[in-house]
Amino acid sequence: MSDGARHIERTFVMLKPDALERSIMGEILGRFERKGLKLVRLELRRVTKDLAATHYAHLVDKPFYPELEAYITRGPVVACVWEGIDAIRVVRNLVGATDSILAAAGTIRCDFGVDKTENLVHASDSPESAASE
Ligand code: TYD
């Protein structure tokens, strides 16, 4: 597919523990639904320390990793797969920048997130990560 082409793809999204603790899971899933994305899989699960280290392999050596590990393993998460035109980019746009304080107005992280760690949602950033996650 050439650059800029629009095509149907799937993306992996994880609602992190704060989304469930704060009872805003429905609000977040509703944003993906209202955008027109199709939910193709959804599962409530726990992230173990091992799974956290695999998922965040690119971050395990960072000074903030212990805080990130404590956060992502502290309660259940909702893992889901969404399908739609350019779904990876569309979902990343809906989610917003990593740091909730800097995320653009109207994004999930701007509207509900607290900071860089407690930012509610993970969304794949490429077809390769969507497939492996
Ligand atoms: P990253 O993959 O860089 O961002 P994104 O989730 O927007 O794709 O980082 C993964 C997670 O790591 C991020 O959602 C929250 C956490 N994180 C921190 O806690 N502190 C930081 O300084 C960074 C860069 C990330």
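How each quantity is defined
Think of each chain on its own: its residues are numbered from 1, step by step along the sequence as written. Where totals are concerned, whole chains, interfaces and linings use all residues; where local detail is concerned, this predicted model gives features only for residues with pLDDT of at least 70, and gives and counts side-chain atom pairs only at 80 or more. Only hydrogens and water are removed before side-chain values are computed, so all heavy atoms of the structure are retained for them. For the purposes of this entry, the term helix denotes a DSSP run of H or I that reaches at least four residues, the term strand denotes a run of E that reaches at least two, and both are numbered from the N terminus. The rule is simple: take the accessible area with a 1.4 Å probe, protein chains only, and divide by the maximum for that residue type; under 20% is buried, over 50% is exposed, in between is partly exposed. One heavy atom within 4 Å of a molecule or strand makes the whole residue count as near it. Each polar contact in these results corresponds to two N or O atoms within 3.5 Å; when the atoms are within protein, one needs to be able to donate a hydrogen and the other to accept it, and residues that are neighboring in sequence are counted only if both atoms are side-chain atoms. Using a 1.4 Å probe, accessible areas were evaluated by the Shrake-Rupley method; residue-level cover was limited to the displayed protein chains. Each residue gets one of three labels, nonpolar for Ala, Val, Leu, Ile, Met, Phe, Trp, Tyr, Cys and Pro, charged for Asp, Glu, Lys and Arg, and polar for the others, Gly among them. By nonpolar core is meant a set of buried Ala, Val, Leu, Ile, Met, Phe, Trp, Tyr and Cys residues that side-chain atoms within 4.5 Å join together. For this analysis, residues touch if any pair of their heavy atoms sits within 4.5 Å. Paired strands, in this sense, are two strands between which DSSP finds at least two bridges. Between the N-to-C directions of two axes lies an angle of 0 to 180 degrees, each axis being a line fitted to C-alpha atoms and, for a helix, fitted only over the stretch in contact. By salt bridge we mean one thing: a side-chain nitrogen of Lys or Arg within 4 Å of a carboxyl oxygen of Asp or Glu.

Engineer: Can you tell me about the side chain of Ser129, naming the residues and giving the values?
Structural biologist: Secondary-structure assignment places Ser129 in helix α7 (residues 127–132). Exposure remark for Ser129: the relative accessible area of 13% places this residue in the buried category.

Engineer: How would you summarise the site of the ligand if you had to cite specific residues and measurements?
Structural biologist: Taken together, Lys16, Tyr56, His58, Leu59, Phe64, Leu68, Arg92, Thr98, Arg109, Lys116, Thr117 and Asn119 make up the full set of residues near the ligand. Within the side chain of Asn119, a nitrogen or oxygen atom sits 2.9 Å from an oxygen atom of the ligand. For the ligand, the accessible surface in isolation is 500 Å², of which the surrounding protein chains cover 81%. Tallied by class, the residues present in the shell around the ligand amount to four nonpolar, four polar and four charged.

Engineer: An account of the nonpolar core is needed here, citing residue identities and associated values.
Structural biologist: Grouped together as the largest cluster of nonpolar side chains are 20 residues, with contacts concentrated most on Val13, Ile28, Phe32, Ile108 and Leu120. Taken together, the elements giving at least two residues each to this core come down to β1 (8–15), α2 (25–35), β3 (77–85), α5 (87–95), α6 (108–112) and β4 (121–123). Apart from residues lying up to four places away in sequence, Phe32 is in contact with Val13, Leu37, Trp82, Val91, Leu94, Val95 and Ile108. If you look at the next biggest cluster of nonpolar residues, it comprises twelve residues, including Phe12, Val47, Tyr65 and Leu68.

Engineer: Please give an account of the sheet that holds strand β2 (residues 38–45) that cites residues and values.
Structural biologist: Across the sheet, four strands lie side by side as β2-β3-β1-β4; this open sheet has antiparallel pairing. Since the sheet does not close on itself, it has two edges, and those belong to β2 and β4, each with one partner. For this sheet, the mean inter-axis angle between neighbouring strands, taken without regard to orientation, is 20°. Across seven bridges, the pairing between β2 and β3 is antiparallel.

Engineer: Tell me about the pattern of salt bridges, and please be specific about residues and values.
Structural biologist: Here the structure, examined in full by the defined rule, presents nine salt bridges. The closest approach of N and O atoms between Arg45 and Glu43, which form a salt bridge, is 4.0 Å. A relative accessible area of 29% places Glu43 in the partly exposed class. Between Glu118 and Arg74 there is a salt bridge; the shortest N-O distance is 2.8 Å. Of the two residues, Glu118 sits in the loop between α6 and β4 while Arg74 sits in the loop between α4 (65–72) and β3, which places them 44 residues apart along the sequence. You can call Arg74 partly exposed: its relative accessible area is 38%. Shared partners join several salt bridges into a network, and the residues in it are Arg10, Lys38 and Glu83.

Engineer: Outline the pairing of β1, listing residues and values.
Structural biologist: Of all the eight residues making up β1, six are buried; the element is thus mostly covered by neighbouring parts of the structure. With eight bridges joining them, β1 and β3 adopt antiparallel strand pairing. Each residue of the ladder has a partner; that of Met14, found in β3, is Ala79. Summarising the sheet, β1 and β4 pair through three bridges and their orientation is antiparallel. Bridge pairing in β4 links Leu15 to Val121.

Engineer: Lay out α2 in plain terms, naming residues and giving numbers.
Structural biologist: Regarding α2, the residues found buried are Ile28, Leu29, Gly30, Arg31 and Phe32. Backbone geometry just downstream of α2 places Gly36 in the positive-phi region, at approximately 105°.

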